[in-house]
Structures are given as C-alpha cells and as structure tokens.
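# Observations on the three-dimensional arrangement
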Amino acid sequence: MLLIGNYKTFIEKYNKEVFSIVYIFLLIHFFWGTTMIQIHLPRCYTWICLVMLLGYIIGKILVEPNRKYLIIMVTIVVPFIISGLISGYHELMYVGLLIAAAKDIPIDRILKDYLIVCIPFLLITILGSQIGIVENLIYPSLYRGNRIAYGFLSPTDFCAHVLFIILVLFSVIKKKNYWKMALISVLIAAFLYFRCDGRTTVASLLIFLTGIAICYIIKKWVGLNKRIEWLLVDICEGLIVIASFVLGWLYQLNNKYIVGLNDVLSDRLKYIAQTMSTYNIKLWGQYIEEHGNGGSIIAKDNYFFIDNSFVRCMYEYGAIVFALVIVLIFMAQKKMLDNEKYIMCLAFFIVTIASFAEHHLLEIAYNPFIFSVFACMSNNDKGIEEKRIC
C-alpha cells in the first residue's frame, strides 16, 4: 500500500513531465523511421515505452479514479490495442494509449514537445543529406524534374514533415507573429514545389494561409460564430471522407472525369479502387501488403500503396477504429473552437484535407493534433499561453 501511495504521489506531482518523456521517446523512434538514417534501436525500446505508457495511465487512474476516465480507456484504448494486434500495425496501440494518456495535459505542451523533437531532427537530417553522411535520394521524373528527399525515405515524407511543423508552429506562436510566419511559409512552399514537387503540401499550405486571412477578416468585420464554424468544418470533413470512397468506386466504373482526376492525383484513386475491389472491410482490420517507392529510387513493378488515410484506416485498421477516429476528430475540433483556438482547429482541418492524398493521419511522427481530444485547452489553466483571437 505504501508503494502504491508513493506511486500515486509521483504521478500526481510529475504528471506532465512523465507524459512528455514517454511522448518524446516514442516521437524520436517513429521520426527516425521516416529517414534514411541507419539507427537501430534495441527491439525492447518500444516495449519499454509501452510499459511506461500503461504504467502512467494506471497511475492516473489511481490518482483520479472516476468512471469517465475508465470509459475513455475502454472505448478508445482497447479497440486501438485489439486492432493493432490483429492487423499487425502495432503503432496503433501507442496512438490509442497516447490519446488516453494526454487527458488533462496542456495541448500547447504536447505541441511544443513535438517541435522540440521534430525541428532539430529535421534540420539534422537535411544537413546530413547535404554533407553526404545520410543518403539523399533523388527521384527522377519525366515531367516534373528531379524530386529530392533530403535524407528522408521520399520527397513526400520530407514535405509532410515540413507541413506538420508549420501547422504546429502556427498553433503555438503568438498572434503578432502570424504574418511573419505566413511569409516564411510562402517561401518554404515555393522551395518544396520546385525542389520536391510537393504539390499536396504546397496546396495545403496555401489553403491554410488563405483560411487564416479569411478567419481574420470575418472576426474583424462580422464576428466568429463557433457553432456555424464547427458545422462547416464537420460538413467539409464529412465530404472529404465520403469522397475518399465514392471516387474510388467511380474509378472502378471507368468514369472519364474520375480517370482524369486520378492522373492529377498521381494514381491515388487507382489504388483506392484496387483496395476496395481486392479487400473486404473488417471490424478489427487486416494486414495489407504494400509496395511503396520510399527508401529507393528504383521504381517497383508491383507498386501498390494506400495514400488516402481514411481508406487506409477503414481497410487496414478496421471499421471500429475508423469510426472512433472520425468521432475523435470532430470532438477535438469542437473543443478547439469552444476554447477559441481557431488557428489550431484550422490546422487540424488542413491535416484532414491533406489526409485525402497522404497517409499520416494516425502516425506519431507527423500528427500531434490527434492527441488533442482529451488534452487541456482552457485558456485559464496554468501553463497555457495568452488567449489568441485567431
């Protein structure tokens, strides 16, 4: 009993610090996995993190033993763990545990922990690729010139990291720095377009910056209505999710307009259609063998990769996790709007738009916003910075 009492006291006193340590350890592991840097961590590394996460969550239950938190554990953590074990995508287990563990952790702290890891590691990887200590893959393209990966598995992965870092930076910086950051973002977008052909990232950044300007104008001249904004965001995201499956179905019918759109989207609809025609939807997901071009400039004859996050979630992670993820996204964005974190909500919205063409929605190395649903967002809480109007 004395040991349990001491453990409860420790978790209560160092709640935020323990979460940060575990999150940073996992972030380092999964971030390095997206690069060409050959660092082989011990196999027990992720299992140690898993045990730490479970121990941390048990400690939080002991500190605050209430039904609400236990319900969160059962309805979110258990499905993620079951799906991760059955499908073989073990990262899902850590995602579910981090979502539950983030309860009452300030969202700004989570985002800053993300930046503390990702910005230095991004720069280290780029530098390593330029001085020759990290392999720098250059993908030739017949129509689009060379696409440079800058030390990452693919140019797409590099661009995605940059996109998420910019979205997170906008979510934590002060309002007075928005326009400086916007100018830097435009310059970065131009660089990514010409050096990496990162069209999804560039389009996402331009939509995001346009959204900031619209948000600022509406707030200044009309005033923001949280309920209308939440409905608009939900409707738009619902359409994106539905379109992910409908367009794949239409591609199977050889609709000429959809075939043309598929060419613009670099065959993404083709592989959605192939997934839908080959595999059945299962409750707890399934392992699907994919053959992407990441990590090598040699194109694979049997290339098959599910870029769309929603289709990936439905077919690989299962219908239950898919439904949970959609609900969690809506809940998180409503919470952001209720706490007047408009830019953070817009950033998460952009993530869902990008998820139509990229598979990073539930990847720890990329998306910290997924852990926001139970995090603390109140502007009145300690550790949270000043109120932001945008």
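Residues numbered from 1 in each chain as written. Predicted model: local features only at pLDDT ≥ 70, side-chain atom pairs only at ≥ 80, totals over all residues. Heavy atoms only, no water.

## Quick notes on the overall build of the protein
Along the backbone of the protein there are 15 helices and two strands. Taking 390 residues into account, the globule formula puts the C-alpha radius of gyration at 21 Å, and the protein, at 21 Å, falls close to it. Across its three principal axes, the protein shows a C-alpha extent of roughly 65 × 55 × 50 Å. Within the protein, counting contacts between residues at least 6 apart in sequence, those at least 24 apart form 74% of the total. (Helix = DSSP H or I, 4+ residues; strand = E, 2+ residues; numbered from the N terminus. Rg over C-alpha atoms; globule rule 2.2 N^0.38 Å. Contact = heavy atoms within 4.5 Å.)

## With respect to the packing of aromatic side chains
Summed over all chains, the structure comprises 23 aromatic pairs. Ring plane angle 45° and centroid distance 5.7 Å describe the contact between Tyr150 and Phe191, whose orientation is recorded as tilted. Linking Tyr150 in the loop between strand S2 (147-148) and helix H7 (155-172) with Phe191 in helix H8 (residues 178-196), this pair joins segments that are 41 residues apart in sequence. Aromatic pair Tyr193 and Phe194: ring centres 5.2 Å apart, planes at 90°, arrangement edge-to-face. Judged by its relative accessible area of 40%, Tyr193 falls in the partly exposed class. With relative accessibility at 65%, the residue Phe194 sits in the exposed group. What links up through ring pairs into an aromatic cluster is the set Phe31, Trp32, Phe121, Tyr150, Phe152, Phe158 and Phe191. A cation sits over an aromatic face here: Arg312 above Phe305, 4.8 Å from the ring centre. Stacked on the ring of Trp230, the Lys or Arg Lys334 has its end atom at 5.7 Å from the ring centre. (Phe/Tyr/Trp six-rings, centres within 6.5 Å; stacked < 30°, edge-to-face > 60°. Buried < 20%, exposed > 50% of the residue type's maximum accessible area, 1.4 Å probe, protein only. Lys NZ or Arg CZ within 6 Å of the ring centre and 35° of its normal.)

## Overview of the environment of Cys376
Here Cys376 shows up in the segment after helix H15 (342-354). When the C-alpha positions of Cys376 and Pro106 are compared, they lie 4.5 Å apart, and in sequence the two are 270 residues distant.

## Thoughts on unusual backbone geometry
Phi angles above zero are rare outside glycine, and Asn254 is one such case at about 60°. Position of Asn254 among the secondary structure elements: in the loop between helix H10 (226-252) and helix H11 (256-264). Of note in the backbone geometry, Glu340 takes a positive phi value of approximately 60° without being a glycine. Looking at the element boundaries, Glu340 is found in the loop between helix H14 (319-338) and H15.

## Overview of the pattern of salt bridges
For the structure shown, the criterion picks out seven salt bridges. One salt bridge in this structure joins Asp307 and Arg268, with 4.0 Å as the shortest N-O distance. With Asp307 in the loop between helix H12 (268-278) and helix H13 (309-317) and Arg268 in helix H12, the pair connects residues that are 39 residues apart, well separated along the chain. A salt bridge links Glu290 to Arg312; the shortest N-O distance between them is 2.9 Å. A residue pair is termed long-range when its members are at least 10 positions apart, and Glu290 in the loop between H12 and H13 and Arg312 in helix H13 qualify at 22 residues. For the residue pair Glu290 and Arg312, the accessibility class agrees, reading buried in each case. (Salt bridge = Lys/Arg side-chain N within 4 Å of Asp/Glu carboxyl O.)

## Notes on a nonpolar patch on the surface
On the surface, Ile214, Ile217, Ile218, Trp221 and Val222 cluster together to form a nonpolar patch covering roughly 560 Å² of accessible area. For Ile218, a relative accessible area of 34% gives the class partly exposed. (Patch = residues over 30% accessible without salt bridge, like charges linked within 9 Å, V, L, I, M, F, W, Y side chains within 5 Å. Areas by Shrake-Rupley, 256 points an atom, 1.4 Å probe, with all protein chains shown as cover.)

## Here we look at the side chain of His360
Along the chain, the position of His360 falls in the segment after H15. By relative accessible area, which is 2% here, His360 ends up buried. Apart from residues lying up to four places away in sequence, His360 is in contact with Asp157, Ala160, Phe164, Ser309, Tyr366 and Asn367.

## Some words on the nonpolar core
Ranked by internal contacts, the top residues of the largest apolar core, which has 133 residues, are Phe80, Ile99, Phe170, Phe208 and Phe369. Sort the elements by how many residues they give to this core and H7 lands first, with 13 residues. Once residues lying within four places of it in the same chain are set aside, the contact partners of Ile99 are Ile76, Phe80, Leu328, Ile370, Phe371, Val373 and Phe374. (Core = buried A, V, L, I, M, F, W, Y, C linked by side-chain atoms within 4.5 Å.)

## Here's the deal with the confidence of the model for the protein
Low pLDDT marks stretches whose predicted atomic positions should not be read closely. Within the protein, residue pLDDT values average 89, and 94% of them lie at 70 or more. pLDDT under 50 marks residues 380-390. Its contacts with residues more than four places away, or in other chains, come to 31 contacts. (pLDDT = per-residue confidence, 0-100.)

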